[in-house]
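Chains, contacts and geometry: an overview
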Amino acid sequence: MAAEGGGKEMNEIKTQFTTREGLYKLLSHSEYSRPNRVPFNSQGSNPVRVSFVNVNDQSGNGDRLCFNVGRELYFYIYKGVRKAADLSKPIDKRIYKGTQPTCHDFNHLTATAESVSLLVGFSAGQVQLIDPIKKETSKLFNEERLIDKSRVTCVKWVPGSESLFLVAHSSGNMYLYNVEHTCGTTAPHYQLLKQGESFAVHTCKSKSTRNPLLKWTVGEGALNEFAFSPDGKFLACVSQDGFLRVFNFDSVELYGTMKSYFGGLLCVCWSPDGKYIVTGGEDDLVTVWSFVDCRVIARGHGHKSWVSVVAFDPYTTSVEESDPMEFSGSDEDFQDLHFGRDRANSTQSRLSKRNSTDSRPVSVTYRFGSVGQDTQLCLWDLTEDILFPHQPLSRARTHTNVMNATSPPAGSGGTNPGSNGNSITTPGNSVPPPLPRSNSLPHSAVSNAGSKSSVMDGAIASGVSKFATLSLHDRKERHHEKDHKRNHSMGHISSKSSDKLNLVTKTKTDPAKTLGTPLCPRMEDVPLLEPLICKKIAHERLTVLIFLEDCIVTACQEGFICTWARPGKVGLLSSQTQANSPSGTVV
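Residues numbered from 1 in each chain as written. Predicted model: local features only at pLDDT ≥ 70, side-chain atom pairs only at ≥ 80, totals over all residues. Heavy atoms only, no water.

Re the nonpolar core
Counting residues in hydrophobic clusters, the biggest one holds 23 residues, and the most contacted among them are Tyr32, Val50, Phe52, Phe67, Tyr78 and Val553. At the level of elements, strand S3 (50-54), strand S4 (63-69), strand S5 (72-77), strand S31 (542-547), strand S32 (551-556) and strand S33 (561-565) are the ones that each hand at least two residues to this core. In terms of nonpolar packing, the next biggest core, distinct from the first, is built from 22 residues, Val288, Val364, Phe368 and Cys378 among them. (Core = buried A, V, L, I, M, F, W, Y, C linked by side-chain atoms within 4.5 Å. Buried < 20%, exposed > 50% of the residue type's maximum accessible area, 1.4 Å probe, protein only. Helix = DSSP H or I, 4+ residues; strand = E, 2+ residues; numbered from the N terminus.)

A closer look at unusual backbone geometry
Note that the residue after asparagine 211, namely proline 212, is joined by a cis bond; omega there is -5 degrees. Counting through the fold element by element, proline 212 comes out in the loop between strand S15 (199-205) and strand S16 (214-218). One non-glycine residue, valine 252, lies in positive phi territory at about 55 degrees. Along the polypeptide, valine 252 turns up in the loop between strand S19 (243-248) and strand S20 (253-259). A positive phi angle, close to 65 degrees, is found at threonine 375, a residue other than glycine. With respect to the secondary-structure elements, threonine 375 resides in the loop between strand S27 (362-372) and strand S28 (376-382).

Points about the sheet that holds strand S23 (residues 285-290)
Strand order across the open sheet formed by five strands is S21-S22-S23-S24-S29, with mixed pairing between neighbours. Both edges of this open sheet fall to strand S21 (265-270) and strand S29 (528-529), since each of them pairs with a single strand only. Pairing of S21 with strand S22 (residues 276-281) involves five bridges; the strand directions are antiparallel. If you follow valine 268 over to S22, its bridge partner there is threonine 279. (Pairing = 2+ DSSP bridges.)

Focus: the sheet that holds S16
What the six strands build is an open sheet, ordered S11-S12-S13-S16-S15-S14; its pairing is antiparallel. This sheet does not close on itself; its edge strands, each paired only once, are strand S11 (152-157) and strand S14 (189-196). Across the sheet, the mean angle from the axis of one strand to that of its neighbour is 20 degrees, orientation sign disregarded. When S14 meets S15, the two strands line up antiparallel, connected through seven bridges. The residue of S15 that forms the bridge with glutamine 195 is alanine 200. (Axes fitted to C-alpha atoms, helices over the stretch in contact; angles between N-to-C directions.)

Remarks on the environment of phenylalanine 199
With respect to the secondary-structure elements, phenylalanine 199 resides in strand S15. With a relative accessible area of 3%, phenylalanine 199 lands in the buried category.

Details of the pairing of S31
Most of S31 sits inside the fold, with six of its six residues counted as buried. In the sheet, S31 pairs with S32 via five bridges, with the strands oriented antiparallel. Paired with leucine 545 across the two strands is threonine 554, which belongs to S32. Linking two consecutive strands that pair antiparallel, namely S31 and S32, is a turn of three residues.

Some words on the pairing of S19
In terms of burial, S19 is largely enclosed, as six of its six residues are buried. Along S19, one buried face is formed by Phe243, Arg245 and Phe247 and the opposite face, lined by Leu244, Val246 and Asn248, is buried too. Both strand S18 (residues 234-239) and S19 contribute to a ladder of five bridges, which runs antiparallel. Note that in S19 the partner of phenylalanine 234 across the bridge is asparagine 248. A loop of three residues connects S18 with S19, the two strands running antiparallel in sequence, and glycine 242 in this loop sits at a positive phi of about 90 degrees. Note that S19 and S20 share six bridges and pair antiparallel. In the strand pairing of S20, phenylalanine 243 is matched with lysine 259.

Some points on the UniProt feature "repeat: WD" (unreviewed entry) in the chain
Per the UniProt entry, the sites bearing "repeat: WD" (unreviewed entry) are residues 258-290 in this numbering. Taken end to end, residues 258-290 has its terminal C-alpha atoms 10 Å apart, with 0% of it in helix and 61% in strand. (UniProt positions renumbered as here; feature names shortened; annotations may be inferred.)

A look at the confidence of the model for the chain
When pLDDT drops low, the exact placement of atoms in the prediction is not to be read closely. Scored by pLDDT, the chain has a mean of 77; 67% of the residues are at 70 or more. Note on residues 392-506: pLDDT is under 50 here. Beyond four places in sequence and across chains, it has 282 contacts. Counting contacts from residues 572-587, a segment whose pLDDT is below 50, to residues more than four positions away or on other chains yields 32 contacts. (pLDDT = per-residue confidence, 0-100. Contact = heavy atoms within 4.5 Å.)

Some words on the packing of aromatic side chains
Per the stated rule, a full pass over the model turns up 28 aromatic pairs. Taking 5.8 Å as the distance between ring centres and 70 degrees as the angle between the ring planes, the aromatic pair formed by tryptophan 157 and phenylalanine 165 counts as edge-to-face. Taking the relative accessible area as the measure of exposure, phenylalanine 165 reaches 0% and is therefore buried. Following the ring pairs from residue to residue traces out a cluster consisting of Tyr32, Phe52, Phe67, Tyr74, Tyr76 and Tyr78. Against the face of phenylalanine 226 rests lysine 156, its NZ or CZ located 5.3 Å from the ring centre. Taking the ring centre of phenylalanine 243 as reference, the NZ or CZ of lysine 259 above it sits at 6.0 Å. (Phe/Tyr/Trp six-rings, centres within 6.5 Å; stacked < 30°, edge-to-face > 60°. Lys NZ or Arg CZ within 6 Å of the ring centre and 35° of its normal.)

A word on the side chain of aspartate 131
Structurally, aspartate 131 can be placed in strand S9 (residues 127-131). For the buried aspartate 131, no salt bridge is present, and the opposite-charge side chain at shortest range is lysine 134, 4.6 Å distant. Within the local environment of aspartate 131, its side chain forms a polar contact with the backbone nitrogen of isoleucine 133, the two atoms lying 3.0 Å apart. Looking at aspartate 131, its side chain comes within polar contact range of the main-chain nitrogen of lysine 134, at 3.1 Å. What aspartate 131 contacts, discounting residues up to four positions off in sequence, is Arg94, Ser115, Val116 and Glu136. (Lys, Arg positive; Asp, Glu negative; His and termini not counted. Salt bridge = Lys/Arg side-chain N within 4 Å of Asp/Glu carboxyl O. Polar contact = N/O pair within 3.5 Å; in protein donor to acceptor, adjacent residues only side chain to side chain.)

This is the structure we're talking about:
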């Protein structure tokens, strides 16, 4: 597994690590932080978050970066692996009084070199819409805190919409807003639209349309994070009560649920094809949930404390034909494996071949990562033997213990996954035996994936009238821009909102009654993944993990945003700057 040696070596901060693709290297001169580079005293402050947007400018350097540190918000040109960061010239910098930024999100549909729409959530409950290029503040939502007084935990634009956005609070409520509408001068009055197990959705009663358009009350305690499926049709929410709840966003219906092993769930993400959801939380585990089967298919144990962020790597997730020709997972072969409308659909069609009996067998490996309060980065591979446990043994499959940190990159003379089952090893490294797996696991997604795959096609309704009438017709296909962002919002237990209109039936779930059920299988009943790598990469807890095409971006609570060049992407910048940085330290 990940740990190497003991004592001092265990506490050393790593500046590089190796996986089967090759060497990932920290680019110390591509580090972003406050201009003075002084570590931020993070006591009592909200987690550092990072958002990316590409403005498609003519220079070819269109990536923009936003991050919050304490009361401050910064907006920079992001130069990534190409050039050193210039911290002396932020495009925009804001310092807030009486409240702190907690999360933010760019609208990728409307972003241009002249203008971007950035939503910022705050610890006192407000949401601000700003344009850091024009240095304008256009609107403030929930200004008087009449809608919700609790901290904003997550804010995201509704996929494919230029005006709708969703905001989650530590009160356990979510609100749908339209940037074109006002919030009114009085507290909103609500009318029940739909109610189900541990959730309720209300519309706002008003003579003229006002914000919020919808109010969702979900579970018990803080709603820590939510994430839209790649096609925008489904919404995954994780809460302090330990539940993952997946909703059909159009019809406001609960699609499926899962319970953590114990404690709250803090983070959630979707696979690029929308077939799997990964969560992390206070049980120190990562949990993989099948969207098609509505069940837990694996857990991963590598962290020593709470898991604060999980994210899939669409550039290392691979689809391989199992004949002698091997796809290596290069940018050219798998450039469609992005979080984006067109590319997600393309990925899905390729992955669906895995379940087709008419085509040649296809091998699938999903890569995802996690970071936690233990200051460690873990990378995980979700492989054939986990996804399809009942395939014939004659089929070549990757080992359950996927890992070898020093395995050769694909195509460099290592074992071809399509040619035999002896997998990925290098001289001096033997493959560990498989972890025990129950023989009574439910049947996999192979048999019924086709029957449900259609639910992931189409787009969400774009007008509020569709929400009010629950219409599922006349959907507009939308162009979903390439999306490299991820907002990470870790919440904490908070008092309930003062809003008295709460019609959800509050039935406390006894953890002892869910353990051993499909909601929360016992540890021995599902495969236990070990991380490919598990490395300490920071002094303070990690709060950001974002996979970009040529690098991985991480950030810690001290306010340092680090760029890790992917194998083969370490250019001239790295060779010059790494030589000047002290070994084993983050500069």
